[in-house]
Amino acid sequence: MADLFTTHLTRVTHSPSEFTARCNEMYRAEEYDEFIRCALTGEYKDEDGFSHQAFIDLNKNYLLDDDDLCIHRDYDSALGFSQEILVNGPLSVCSVPHTGCELADNIHLEYPGLGDGNSVPYHKIPNFQLGTYGPRCSINVFFPELWSKERGHGSRPHILTQRERDLWYRQGFRRAIRALGTDLIASEFPATLETETERGRKRNGHIAWGTKIVDKRYLPLLADQIRHEISSNGDLRIWLIHRSCDGYYYYYYHFLFRFEAEVQLLLLVSSTTFEL
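Here the structure is a predicted model, which is why all the values come from computation and not from measurement. (Residues numbered from 1 in each chain as written. Predicted model: local features only at pLDDT ≥ 70, side-chain atom pairs only at ≥ 80, totals over all residues. Heavy atoms only, no water.)

(A) Geometry of the overall build of the protein chain. Counting its secondary structure elements, the protein chain contains eight helices and eleven strands. The buried share of the protein chain, reckoned over its 276 residues, is 42%. Contacts in the protein chain between residues at least 24 apart in sequence constitute 70% of all its contacts with a sequence separation of at least 6. Carbon and sulfur atoms form 51% of the exposed surface of the protein chain, whose accessible area is close to 16100 Å². (Helix = DSSP H or I, 4+ residues; strand = E, 2+ residues; numbered from the N terminus. Buried < 20%, exposed > 50% of the residue type's maximum accessible area, 1.4 Å probe, protein only. Contact = heavy atoms within 4.5 Å. Areas by Shrake-Rupley, 256 points an atom, 1.4 Å probe, with all protein chains shown as cover.)

Laid out in structure tokens, this is it:
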């Protein structure tokens, strides 16, 4: 290792985040020798195979508080889709699936390959809100297999029927909670959809839907367990999870480089308790 460090290379200035990203890129590519060399000495090769010496400038892209240049951004919302519940914290779930919090507005994203290979807007796919977490963050569950051309042309294609909500809850969600937790945890959830509906009904006829807290330790396994419990029902077998964080107002300084802006966006998303 005596000749590991060289001094004749062209020096390239990096911010700490740029240098970290470069090392991570080598590690993800399983270029472990190059990763070790870069991490220990700062030496790396560019895309053309030429070697350079990284110089980490802690003051790069730093702006004083009274600087004339300030990048000001307002993120209205952050969206994410996955097959699992990627929440790094407790989840407040609705006791039973109910109407009123579905994704009904166009988010200008489409789900591919439904019907005759069509791409269908997400807000036209049957869905419901599973729960909420963090500051103004929510999780919705989508059922692409329930979409059809006839249903898509209806006035409310995103709404699950009473039967579909009952199947999800009784055959899937509640059984999964019992399998992952204890009878005591499962007992906090009503046995049927009708039971909770009647329990939450007010004198004026409106329903106050209840919520329960599912601990963080159950969430990594919950989605697969629900799929296992509900696998006998083909319509509800394939589903995905949509996460959204709304109403954010994020303010920061950064230099006019795309990379620095992406780093700040990553910090925003990671602060919403997404599991990255």
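Additional details are given in the paragraphs that follow.
(B) Looking closely at the environment of Gly181. Positionally, Gly181 belongs in the loop between helix H4 (162-180) and helix H5 (183-187). As for Gly181 and Arg217, which are separated by 36 residues in sequence, their C-alpha atoms are 10.0 Å apart.

(C) Representation of the pattern of salt bridges within the structure. All chains considered together, the criterion is met by six salt bridges. Linking Glu84 and Arg227 is a salt bridge whose minimum nitrogen-to-oxygen distance equals 3.9 Å. Of this pair, Glu84 sits in the loop between strand E4 (77-82) and strand E5 (91-94) while Arg227 is found in helix H7 (residues 219-230), placing the two residues 143 residues apart along the sequence. The buried category is assigned to Arg227, whose relative accessible area is 15%. A single salt-bridge network, built from bridges that share partners, covers Glu84, Asp224 and Arg227. (Salt bridge = Lys/Arg side-chain N within 4 Å of Asp/Glu carboxyl O.)

(D) The arrangement of the sheet that holds strand E3 (residues 51-56) in detail. A sheet is described by the order of its strands in space; here three strands give the open sequence E1-E3-E2, paired in mixed fashion. Looking at strand neighbours, the two that pair on one side only are strand E1 (10-14) and strand E2 (43-45), the edges of this open sheet. Strand-to-strand twist in this sheet, taken as the mean axis angle between neighbours without regard to direction, amounts to 45°. Pairing of E2 with E3, which is carried by three bridges, proceeds in the antiparallel orientation. Paired with Lys45 across the bridge in E3 is Ser51. Helix-sheet contacts for helix H1 (residues 16-28) involve E1, E2 and E3, and the interaxial angle to E1 is about 110°. (Pairing = 2+ DSSP bridges. Axes fitted to C-alpha atoms, helices over the stretch in contact; angles between N-to-C directions.)

(E) View of the packing of H1 against helix H2 (residues 32-41). Closest axis-to-axis distance for the H1/H2 pair is 8 Å, and the angle between their directions is 160°. Between H1 and H2, the angle is such that the two are roughly antiparallel. The handedness of the crossing between H1 and H2 comes out as left-handed. Touching Phe19, Arg22, Cys23, Met26 and Tyr27 of H1 are Tyr32, Glu34, Phe35, Cys38 and Ala39, all from H2. (Parallel < 35°, antiparallel > 145°, perpendicular 65-115°, else oblique. Left-handed = near helix turned anticlockwise from the far one by under 90°.)

(F) Focus on a negative patch on the surface. Residues Glu25, Glu31, Glu47 and Asp48 make up a contiguous surface patch of negative charge. One can find Glu31 in the loop between H1 and H2. (Patch = residues over 30% accessible without salt bridge, like charges linked within 9 Å, V, L, I, M, F, W, Y side chains within 5 Å. Lys, Arg positive; Asp, Glu negative; His and termini not counted. Charge placed at Lys NZ, Arg CZ, Asp CG, Glu CD.)

(G) Summary view of unusual backbone geometry. At Glu30, a position not held by glycine, the phi torsion is positive, near 60°. With respect to the helices and strands, Glu30 occurs in the loop between H1 and H2. Of the residues examined, Glu30 reaches a relative accessible area of 56% and is grouped as exposed. Although it is not a glycine, His108 adopts a positive phi angle of roughly 65°.

Interpretation in functional terms is not warranted from these geometric data alone.
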